[in-house]
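Survey of secondary and tertiary structure
Okay, here's what each chain looks like letter by letter:
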Amino acid sequence: MKRFNKTFLTFLIALLPLMSWAQIDGEFIKPQGGKFLLQNATVHTITKGVLTNTSILIEDGKISQMGSNISASDAEVIDCSGLVIYPGMIDSGTTLGLVEVNSVPETVDYQEIGNVTPNMQALTAVNPNTEAIPVTRVSGVTTTLTVPQGGLFPGTAALINLVGYTPDQMYAGFKAVVMNFPNSARRGRWDRRSDDDIKKDNEKALKEANELWEKAKSYHELISKGAELDYYPEIAQLAKVVSGELPLMIEVNAASDIQNAINWVADKDAKVIFSGVKEGWRVADEIAKAKIPVITGPVQDLPSRQSDRYDAAYSNAGKMAKAGVKVALRTNDSENVRNLPFHAAFAAAYGMGKEEAWKAVTINPAEIFGLQDQLGSVETGKVANLIVATEDPFETRAQIMHVFINGYRIPLSNRHIRLYQEFLDRSPGLKSN
Amino acid sequence: MKKRHIFLALLLSLSLNFSWAQTPKGSVLIKNGTVLTVTNGTYENTDVLIQDGIIKKIGQNLSAPSGVTTIDATGKYVMPGIIDAHSHVALDVVNEATSPIVAEVRMKDVVNPFEIGIYRALAGGVTISHAMHGSANVVGGQNATLKHRWGMDDPADIIMQEAPRTIKFALGENPTRVHGRGNGQQPRSRMGVEAILRNGFNEALQYKKAWEDYNQAKSQKGSTAVAPVYNERLQTLADILDGKIIIHCHSYRADEIYMLINVARDFGIKKLVFQHTNEGFKVAPEIAEYTMGASVFADWWAYKFEVYYSTAFNAAILQKNGAITSINSDSAELIRHLYHEAAKTQRYGGMTDDEALAMITINPAKQLGIEDKVGSLEEGKQGDVVIFEGHPLSSYAIPQMTFVDGIKYFDIQEDADDQRQRISPTEAVEPILLSEENHRCMQDTEHLFETASALFQMNH
Amino acid sequence: MRKTLWKASLFGLFMMGLFSGTTVQAQSDPTGKKSITNTYAITNATVHSSPGTEGRKASILIKNGVILGVGDNLSIPAEAKVIAGDSLHIYAGFIDAASRAGITKPEDPERPSDFVYSNPPDEIAGITPWRSAVDQFDIESSQVSDLRKAGFTMAHVLPDGGMIPGKGALIVLGDKESTNILKTNTALAANLNGARGMYPGTTVGVMAKFRDVYQNTKLTKERMALFASNNGVTRPEINPTYTAMSEVVDRAIPVFFEVENDLEVRRALSLQKELGFQLVLFGLEEYETVIDVLKGSGVGVLLKLEIPDDKAIKNQKEDVSDAVKAQYQRVKEAYDKTIAQAGKLAAAGVPFAFSTIGAKPNDAMKALQAMIESGLTEKDALAALTTNAATIIGASRIAGTVENGKLANLVLSTGPIFDSESQIKHVIVDGKVFDYEIKAKKKNGNGENASVEVAGNWEYKSETPAGSSGGTITIQKNGNGYEGTITYDDPAGSGKATSSLSDIAISGSTLSFVFEVNAGGMSISVDVSGDVSGNTMDGSMNISQFGSFPISATRNPN
């Protein structure tokens, strides 16, 4: 029994860094704002190379200074020698915050009734206090695109930073109207539609999309001329896509659908992003030629066809990047968005390379979202979304030591960690006294 | 008299497979790798010689016997074949969901050796999987332990015939949803789940006694004893009570785990492994003391209510409390990177390399009762080996070759892309599946529900 | 043992049939339909008396359903009606060794108020070994006439139902005046299909339940034996399932197990090995990998008399990427392999026969020709249709060859039977002659040889057992060919559904096309063929697995 406890002790000590900023009994640590000096780290800027022995000053939520010799007497100094700093990771497609427990319908808020509901705002339904957010951010994912699901136009996605008590505090400055492009793949094993039926369904859906687009165009033209039209929130929202105010994020996956989607958007003057793009590797050159940026994932996924090489999903992002497509990654998850670094690692290993994979979770999404001056790299003036780790955070053995979001120092605690603390060495143990 | 004996012999042998062809065995010398034995440490620049399917020698400067192929593993890692203690790969049917107890059904009856999932698992270094009945029943069917011999036509050739019998149990939401909520039969609650178990075991005791009484009476001269009704369901439960079958129980909450430990103790059952066990960490000392441990997910949680209070540190807590702990997939995708799932225990709980690797090799082998044959690189064990580029616990690791019984079934360099063994002559274009069903724990239960659509979100 | 038993009972029935047949016909017939004689002589035909023997010129004398002579110098009695056989080839009548022609599945019994899905009554769970195919059989069904038209004179009909539907019966495909029964209680039908929403619901449950039923039948028999010879023994519980299963356990009758592919073959064989019953497998479609297993097992094998639809192969496009081409190639290979299996099975020495369950008799000859083209010898093909089938169902003594003393079951063809130009002109069943019209051979011109105009809007009516229905057929010229659509009552509910027509062909005055109906997720293919004369068409529509039904149409003059 004695030896047992001793083992635990050494074990706990080994994990001290993890828990140094974790919850202590009876005390709750909140995200902490202020001025921080991260001293003497190896900084992976993403856009400006790797800087050794570099310090970073965080002020007013921003990276205010970077260099080897920063003096800031009023800043809290955090010694980062021997540690690495990366920009916070961006997951470009999740339902994080929109769902608590997937099998309990009362807690599922990512889908509305109706086929044309672009006016549904994901940001409204984000629960800033979901258990999943603290679970996510300790992995180094600091920013997520939260995306509604459903019909042809299921709603409007929003980018959030994983800190804040209201959706507006979390909002990171990007929204897009989501479109589910008519899909010629099967929805599942139970989908027994004939090929002809699928084709017919698709033609019908595309016809509907075209009609809606024309309506939105007319709506926009009339409104621009000063017309006062009936309240029509669905079309009003689509009109913002027509006018270029909001981008259109098109979920499309099967190769032939991707080709059709490229044709469909060709004559439409909209800012278009493709998402999903599971079979993008089959038509990578065409996507590159159309200059449409892509959000793809999950990477850790099965091939879409039985005949595909087993690693088709792992290598998809890399193949598209090689063809010249601007690629961002997503987990398409809700409670396990924390696995984004591992999805990125798989993409890196299966052809994308580490550098490009890092871009796909940092600067590429920032550029796709038009936020390259705020997010996606460690540069002076950018939002202080930073992670400090013992080594490359894509590795599972890496420990994340500090996370900053919007300049807030994030407590490295969540329910998973609290349960660990409580139950590692349970008391009473097997026998009660 | 003689006829009766034949019948009894038949009863006894029911669960045995009568004949199977000799499965292929190979020889190979893997040179100069970093050999991760898992049980006996790690050796640099070391060779592994497999002959006729068995690891003959692990050491330096081994030379290949004539006719034995040599593979250069310089700079690569050599580890034992990965074992998945929870999968539904290669099964044509997953759930016989139609009764709270279906102990009589055998997954060996519906093994499908052509399923592409086998090859995909090999490409992730997995050589053995535990093909389980689903979780729709309190007592599900008997599982099959498979060796991934890709390309065999006969299901018997991918069944690990020397593995002991195992059976699926399930507690909590799934059986209470299918039977109680779905069809108005017990169990509707975790109370009912316990009652179903105790009823079943007590009936099995009576059944066993009825046959024993009958057989004894029969041995008397001039006996007119009448044979009891034959019931393979109760016979199987009796076999569990006799220690002939290992229980693998789908479970999530600590209370239900503790309940089954108590039931098992009351009936003298020692062969018990918990599956999923998301709240196992709360009763880790009990699991360690009374069972063969837990087989868990690395990080799955919150997909249903009974896994809301989970922690990714579960495996580490169980391991540190002395429970045999394995990491499983229960998923056609996760099975492809169990090495990566095991590596997550390093982030969530600081497991050592050997502890993490044990969770996908020797520990699941123990839970399947095959640790004397597989699960580590040791002389005399079966030649199930994976060669990795990069350390298998690195997120960038890529399996290069996978051997089962010394035969190479996966080679990243040489294999054709299209590995399908069965192609429909009547389908011009193969179907595209965007979300192929990764999770099949509740497959084949759809017909029991009026609102089948509600089911697709709660599969595990 | 099985064979002897069969032979004895068959003979008995056969003799009875003979006597009753004569008495029934010694009556006046105000309908005028009765034939004037039961004696026929087919003269100077090319007789193929058994598989593998050269056809030779001979005459055949038939009386009261029996072949009384085959040879050159037969003395032909005065009452014989002579059929000039000079240009005809004669073969033994084909035997469908597992058939559901004319079988209607009985309605499911109502569920009792205390129904429990985990323990349903046998009858509801599809365990009905006491049922007989005879009770489900209708000789007047169009499926029976289709089968006969394809040259089949005898069928081993199996009941339709759940996992154990019941017992089969051997029948001749004669006319409606007779029961046509040769033997009842021939075999137990079984399959691996689960019951819906109750135990056993899946293959794995069905296999467990089969073991349970089998073992408890065995125990019940023991108990009954004990009860019969001892006092003081509790009365054994007798139930219809165990009673009906008893002959299977005694190995007095075989189990005819329906299996589609190699895995199902192995599943049925594993049950057989475990339990020890007599086994015949039927319905095999995909079996290349178990040819050796089948050979080693010695069980009877009945292939499904069908080849895969070739639409997938024919629709392959030219302008596709290499990757798609490679996939096409694999589909083509799978297709070729499927068709070549029968030849391989025969070459391995497995004496198989055919089952038409799930197949279209109209396409039987096309399927056989394809198999022959892919390696099946004509001798083996004929054996499968005749002698092998007779052996497997235990009827070799009375059927399978053209020989003195055998049942007068014959196929009379305009040429060698497997020749694509040949057509069946007469089928003689049980001594009754059925005549078929010989048509000018279709030419597959896509409108090129069209001698009638078919474009336009047609209103059609069709008669099926479900009642009469109708709709519109629209056909337009498209390049050298035609395209079109058809409307019909939506099987999913009310209203009309529309399908496009494919394989539209005109040959002489015959218009034919195919369309697909989606019924409950299942795609059913319907073949329509009819003679066009001016603005009317008369013909038949063939619905896969259900039979053929009359259809007539009139064109709207526009």
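For every chain, the first residue of its written sequence is number 1, and the numbers climb from 1 along that sequence. Written order determines the labels here, with chains lettered from A and ligands numbered from 1. Where local features are concerned, this predicted model is filtered to residues with pLDDT of at least 70; where side-chain atom pairs are given and counted, the filter is 80 or more; whole-chain, interface and lining totals use all residues. With hydrogens and water excluded, all non-hydrogen atoms of the structure serve as input to the side-chain values.

Naming follows an unreviewed UniProt entry, where chain B appears as Amidohydrolase of Algoriphagus kandeliae.

**Re the overall build of chain C**
Helix and strand definitions here come from DSSP, where helices need a minimum of 4 consecutive H or I residues and strands a minimum of 2 consecutive E residues; each element is numbered from the N-terminal end. A tally of helices and strands in chain C yields 12 helices and 24 strands. Here chain C has a C-alpha radius of gyration of 25 Å; the compact-globule value for 558 residues is 24 Å, and the two agree. Its C-alpha atoms give chain C principal-axis dimensions of about 90 × 65 × 50 Å. The contacts of chain C with a sequence gap of at least 6 include a subset with a gap of at least 24, amounting to 61%. Here chain C displays about 24,400 Å² of accessible surface, and carbon together with sulfur accounts for 49% of that area. When the 54 positive and 63 negative side-chain charges of chain C are each reduced to one mean point, those points stand 5 Å apart. To get the radius of gyration, use the C-alpha atoms; to get the globule rule, take the number of residues to the power 0.38 and multiply by 2.2 Å. Contacts between residues were defined by any pair of non-hydrogen atoms, one from each residue, lying within 4.5 Å. The Shrake-Rupley method, run with a 1.4 Å probe sphere, supplies the accessible areas, and residue values consider only the shown protein chains as cover. The sign given to each residue is positive for Lys and Arg and negative for Asp and Glu; His and the chain ends receive no count. Working definition for charges: the position is that of NZ of Lys, CZ of Arg, CG of Asp or CD of Glu.

**Quick look at the overall build of chain B**
For chain B, the count of helices and strands is 11 helices and 17 strands. Whereas a compact globule of 460 residues would reach a radius of gyration of roughly 23 Å, chain B reaches 23 Å, a difference of no more than 12%. Taken along the three principal axes of its C-alpha coordinates, chain B extends 70 × 55 × 55 Å. When a residue's accessible area, from a 1.4 Å probe over protein chains only, is under 20% of the maximum for its type it is buried; when over 50% it is exposed; and in between it is partly exposed. Looking at chain B as a whole, 67% of its 460 residues are labelled buried. In the structure as shown, chain B presents an accessible area of about 14,600 Å², 49% of it carried by carbon and sulfur atoms. Averaging the coordinates of the 43 positive side-chain charges in chain B and doing the same for the 55 negative ones gives two points 7 Å apart.

**Some words on the domain arrangement of chain B**
Residue and element names in this part refer to chain B. An automatic or database domain assignment is the source of the domain bounds shown. One can read the domain layout of chain B as domain 1 (20-80 + 375-411) and domain 2 (82-374 + 442-460). Once you take the C-alpha centre of each, domain 1 and domain 2 turn out to be 30 Å apart. Contacts between the two partners involve 30 residues from domain 1 and, on the opposite side, 37 residues from domain 2. Any Lys or Arg side-chain nitrogen found within 4 Å of a carboxyl oxygen on Asp or Glu counts as a salt bridge. Linking domain 1 to domain 2 there are 3 salt bridges. Here Arg149 ties to Asp405 by a salt bridge, and the two come within 2.8 Å at their closest N and O atoms. Two N or O atoms count as a polar contact when they lie within 3.5 Å, although within protein this holds only if one can serve as hydrogen donor and the other as acceptor, and sequence-adjacent residues are included solely when both atoms are side-chain atoms. On inspection of domain 1 and its partner domain 2, the count reaches 12 residue pairs in polar contact (both at pLDDT 80 or more). Elements with a minimum of two residues in the side of domain 1 that touches domain 2: strand S5 (77-80), strand S15 (385-389), strand S16 (398-404) and strand S17 (407-411).

**With respect to the interface of chain A and chain B**
Between chain A and chain B, the residue contacts involve 68 residues of the former and 68 residues of the latter. The term buried area refers to how much accessible surface (probe radius 1.4 Å) is lost by two components on association, counted for both of them together. When chain A packs against chain B, close to 6,500 Å² is buried across both sides, 54% of that on carbon and sulfur atoms. The largest share of the area that chain A buries against chain B comes from Leu302, Gln306 and Tyr310 of chain A, three residues that together contribute 11% of it. Counting the contacts that link chain A with chain B gives 2 salt bridges. Arg426 of chain A is the salt-bridge partner of Glu286 of chain B, the closest N and O atoms lying 2.7 Å from each other. Remark: the boundary between chain A and chain B carries 36 residue pairs in polar contact (both at pLDDT 80 or more). Breaking the side of chain A that touches chain B down by element, the ones donating at least two residues are helix H1 (2-14), helix H4 (132-137), helix H11 (340-352) and helix H14 (415-423) of chain A.

**Here we look at unusual backbone geometry**
Here the bond from Gly297 of chain A into Pro298 of chain A is cis, since omega is 0 degrees, no more than 30 degrees from zero. Checked against the element boundaries, Pro298 of chain A lands in the loop between strand S12 (294-296) and helix H10 (312-322). Residue Pro200 of chain C is bonded to the preceding Tyr199 of chain C through a cis peptide linkage, with omega at -5 degrees. Along the chain, Pro200 of chain C falls in the loop between strand S9 (181-190) and helix H4 (203-229). The residue Ile46 of chain A is not glycine, and still its phi comes out positive at about 80 degrees. Along the polypeptide, Ile46 of chain A turns up in the loop between strand S1 (36-44) and strand S2 (50-59). With a phi close to 50 degrees, Asp60 of chain A is a non-glycine residue in the positive phi region.

**Concerning helix H9 (residues 338-347) of chain B**
Where burial is concerned, most of H9 of chain B is hidden: 10 out of the 10 residues are buried. Among the residues making up H9 of chain B, those that are buried are Leu338, Tyr339, His340, Glu341, Ala342, Ala343, Lys344, Thr345, Gln346 and Arg347 of chain B.

**Describing the pattern of salt bridges**
The tally for this structure, following the rule as stated, stands at 74 salt bridges over all chains. As a salt-bridge pair, Arg198 of chain B and Asp266 of chain B come within 2.9 Å of each other at their nearest N and O atoms. Here the residue Arg198 of chain B occupies a position in helix H4 (residues 190-219), and Asp266 of chain B occupies one in helix H6 (residues 254-266), the gap between them amounting to 68 residues. Judged by its relative accessible area of 23%, Arg198 of chain B is partly exposed. It is possible to trace a salt-bridge network through shared partners that takes in Arg106, Asp109 and Glu232 of chain B together with Arg211 and Glu274 of chain C.

**Examining the domain arrangement of chain C**
All names here are of chain C. By domain assignment, chain C separates into domain 1 (95-310 + 341-366) and domain 2 (456-555). Placing the centre of domain 1 and that of domain 2 at their C-alpha centroids yields a distance of 34 Å. Tallying the contact residues gives 6 residues for domain 1 and 9 residues for domain 2. A combined buried area of about 650 Å² lies between domain 1 and domain 2, and 35% of that area is made up of carbon and sulfur atoms. Considering only the side of domain 1, the residues that lose the most area to domain 2 are Ser142, Gln143 and Lys360, jointly responsible for 59% of the buried surface there. Counting the contacts that link domain 1 with domain 2 gives 1 salt bridge. The residue Asp527 makes a salt bridge to Lys360 at a minimum N-O spacing of 3.4 Å. Along the contact surface separating domain 1 from domain 2 lie 1 residue pair in polar contact (both at pLDDT 80 or more).

**Some points on the sheet that holds strand S12 (residues 272-276) of chain B**
All names here are of chain B. Pairs of strands are assigned from DSSP output, requiring at least two bridges between the strands. Sheet architecture is open: 6 strands sit in the order S8-S10-S11-S12-S13-S14, paired in mixed fashion. The open sheet has two edge strands, strand S8 (139-142) and strand S14 (325-327), and neither has a second partner. The sheet shows a mean angle of 25 degrees between the axes of neighbouring strands, direction not considered. Bridging between S8 and strand S10 (residues 165-170) involves 2 bridges; their strand directions are antiparallel. For Val139, the partnering residue across the bridge sits in S10 and is Phe169. Orientation is described by lines fitted to C-alpha atoms, with helices fitted over the stretch in contact, and by angles between N-to-C directions that extend from 0 to 180 degrees. The strands touched by H6 are S10, strand S11 (245-251) and S12; relative to S12, the strand with the most contacts, the crossing angle is about 165 degrees.

**A short note on the packing of aromatic side chains**
For Phe, Tyr and Trp, rings pair up if their centres lie within 6.5 Å, where Trp contributes its six-membered ring, and each pair is then called stacked (planes under 30 degrees apart), edge-to-face (over 60) or tilted (otherwise). One pass over the structure, following the stated rule, counts 38 aromatic pairs over all chains. Measuring from ring centre to ring centre gives 4.0 Å for Tyr86 of chain A and Trp358 of chain A, while their planes differ by 15 degrees; the resulting arrangement is stacked. Here the residue Tyr86 of chain A occupies a position in strand S5 (residues 84-87), and Trp358 of chain A occupies one in helix H12 (residues 354-360), the gap between them amounting to 272 residues. Taken as a pair, Tyr86 of chain A and Trp358 of chain A share a single burial class, namely buried. Taking the centre distance of 5.5 Å and the plane angle of 90 degrees together, the rings of Trp211 of chain B and Tyr214 of chain B count as edge-to-face. Note that Trp211 of chain B and Tyr214 of chain B are positioned in helix H4 at a spacing of 3 residues, about one turn of the helix. Three or more aromatic residues joined by ring pairs form one cluster here, namely Tyr310 of chain A together with Tyr119, Trp150 and Phe410 of chain B.

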